[in-house]
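What follows is the residue order along each chain.
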2 protein chains.
Amino acid sequence: MKKKKKNENSSKIFLGHDHGVCFGDAITQIEDYFIKKKLQLTPLRRKVFEILIEDHKPLGAYEILEKLGKTGFSSSPPIAYRVLDFLIEHGFVHKVQGLNGFIACSNPNHSHFPTFVICRKCEKVAEVSEEKSGLNLPSPEISNFKIEKTTIELTGICSTCENAEIR
Amino acid sequence: MKKKKKNENSSKIFLGHDHGVCFGDAITQIEDYFIKKKLQLTPLRRKVFEILIEDHKPLGAYEILEKLGKTGFSSSPPIAYRVLDFLIEHGFVHKVQGLNGFIACSNPNHSHFPTFVICRKCEKVAEVSEEKSGLNLPSPEISNFKIEKTTIELTGICSTCENAEIR
DNA sequence: AGTTAGTGTGTTATGTTATAACATGTAATG
DNA sequence: CATTACATGTTATAACATAACACACTAACT
């Protein structure tokens, strides 16, 4: 059974989770994928992915660079952007446009159009699948337009923060 | 006659329109709104809105600044960003995150969660209402999360460009 | 009038995010 | 062992955005 502690009083979309499991699963998934696709999961790529998986929230490219620097990698901007582009291309990372941040994909196996739910107060970000978001998945064609990529970000306030708000 | 062949075979969402009418309507709408809300439609604000309405596609802040400069306004960055923020706040302009661009709202009367459809080839951008996009409007609450603002951008290729593609 | 508060614009400087262009290294292929 | 493909490194700069402060104008008071 998938470990998932009871979670009644936290917002349902900002699920708690066992991070050790999450981390291990994600590494395994990316390893398998890279082998299958004959891609190189180099130390740099692995490190960037690990940084994102660990933080489990959007990081700016320059935050990532800083962390890279601390672990002995080069930390000039193109390093981060190139690796991020690569990981995005293969579905392991998403860019959160509203925050200029990058986040590890929480389910790289789905080919999907992710929706991000962003609390403006606590800045938690949840990636939700189309089914759970209450959004219909965009139909692949809208009036003769072929969708290749979506950016769907819902910004607002989570119940925890709302309850804490003074006003 | 405005060049625009009958457009049953062009993408329905990139509708042609009579730009003179569109422009006039938009100006009237913003004037009415500002009067009703007792806001100042200053020359600068009007000019920025006109620039966007005229171009009818997303412009970068610095493009707007350049146009402002040519008409005798100041063209230092805060000028544009301040006015844009103001117009966005009141629903007359949207930011297209994927392009770092700003576009006049095509229907400021609707309070709405707009969807933008963006052709990556011709770079045309259409604002579509929820009904037409095939997307459900996001429910105001998703699992205890209150949505205040949405960014929904669908990037891909319009049929016109697709037909023209070599591959 | 004089004072105060609110708003709008102007200016300088700087912060933040992202990319261009070119150099080097390394591994696989023919 | 030349060629190609790919990954990384480096310098410089482009593109996007905001902070902080200055000044002008109006409205609404005392």
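Preceding block: the structure.
Residues numbered from 1 in each chain as written. Chains lettered and ligands numbered in written order. Predicted model: local features only at pLDDT ≥ 70, side-chain atom pairs only at ≥ 80, totals over all residues. Heavy atoms only, no water.

Lay out the protein's contact with DNA strand C with the relevant residues and their values.
Close to DNA strand C lie 16 residues; Tyr62(A), Lys95(A), Thr42(B), Ser76(B) and Arg82(B) are nearest. Each atom of DNA strand C within 4 Å of the protein belongs either to a base or to sugar and phosphate, the latter forming 49%. Between a phosphate oxygen of DNA strand C and a side-chain N or O atom of Lys95(A), the distance comes to 2.4 Å. Interatomic distance of 2.4 Å between a side-chain N/O atom of Thr42(B) and a phosphate oxygen of DNA strand C. At the level of elements, α4 (77–89) of chain A together with α2 (43–55) and α4 (77–89) of chain B are the ones that each hand at least two residues to the surface near DNA strand C. A per-class count over the surface near DNA strand C returns 8 nonpolar, 5 polar and 3 charged. (Near = heavy atom within 4 Å. Polar contact = N/O pair within 3.5 Å; in protein donor to acceptor, adjacent residues only side chain to side chain. Helix = DSSP H or I, 4+ residues; strand = E, 2+ residues; numbered from the N terminus. Nonpolar A, V, L, I, M, F, W, Y, C, P; charged D, E, K, R; others polar.)

Give me the lowdown on unusual backbone geometry, citing residues and values where you can.
All names here are of chain A. Positive phi, close to 60°, is recorded for His-56, a residue that is not glycine. We classify His-56 as partly exposed; its relative accessible area is 36%. Of note, the phi angle at Asn-100 is positive, near 45°, even though the residue is not glycine. Mapped onto the fold, Asn-100 is located in the loop between β1 (93–96) and β2 (101–104). Residue class for Asn-100 comes out exposed when judged on its relative accessible area of 53%. (Buried < 20%, exposed > 50% of the residue type's maximum accessible area, 1.4 Å probe, protein only.)

Kindly report on helix α2 (residues 43–55) of chain A, identifying the contributing residues and their values.
All names here are of chain A. The end-to-end C-alpha distance of α2 is 18 Å, a good match for the 18 Å that 13 residues give at a rise of 1.5 Å each. Buried within α2 we find Leu-44, Arg-45, Val-48, Phe-49, Glu-50, Ile-51, Leu-52 and Ile-53. For α2, the secondary structure elements touched by its buried residues are α1 (19–36), α3 (61–70), α4, β1 and β2. Positive backbone phi, approximately 60°, marks His-56, located one or two places after α2. (Expected span 1.5 Å × (residues − 1). Contact = heavy atoms within 4.5 Å.)

Tell me about the protein's contact with DNA strand D, and name the residues and values.
The immediate surroundings of DNA strand D are formed by 16 residues, with Thr42(A), Ser76(A), Arg82(A), Tyr62(B) and Lys95(B) found nearest. Near-protein atoms of DNA strand D (within 4 Å) split between backbone and bases, with sugar and phosphate holding 50%. One of the side-chain N or O atoms of Arg45(A) is found 2.9 Å from a sugar or linking oxygen in DNA strand D. Separating a phosphate oxygen of DNA strand D from a side-chain N or O atom of Lys95(B) is a distance of 2.3 Å. Looking at the surface near DNA strand D, the elements that each hand over two or more residues are α2 and α4 of chain A together with α4 of chain B. Split by residue class, the surface near DNA strand D holds 8 nonpolar, 5 polar and 3 charged.

Report on the environment of Ile64(A), specifying residues and quantitative values.
All names here are of chain A. Mapping Ile-64 onto the fold places it in helix α3. In the structure, Ile-64 is positioned 15 residues away from Phe-49 in sequence and 9.9 Å away in space, judged by C-alpha atoms. Among all residues touching Ile-64, those that are not within four sequence positions of it are Val-48, Ile-51, Leu-52, Leu-59, Leu-84 and Phe-102.

Go over helix α1 (residues 19–36) of chain B with me, naming the residues and quoting the values.
Residue and element names in this part refer to chain B. Across its 18 residues, α1 extends 25 Å between first and last C-alpha, which sits within 8% of the 26 Å expected from 1.5 Å per residue. Buried residues of α1: His-19, Ala-26, Ile-27, Ile-30 and Phe-34, and no others. Buried residues of α1, seen end-on, are gathered within an arc of 95° and therefore sit on one face of the element. Facing away from the buried side of α1 by over 90 degrees, the exposed positions are Gly-20, Ile-35 and Lys-36. For α1, the secondary structure elements touched by its buried residues are α2 and α4. The N-capping residue of α1, defined by a side-chain oxygen 3.0 Å from the backbone nitrogen of Gly-20, is Asp-18. (Arc of directions from axis to C-beta.)

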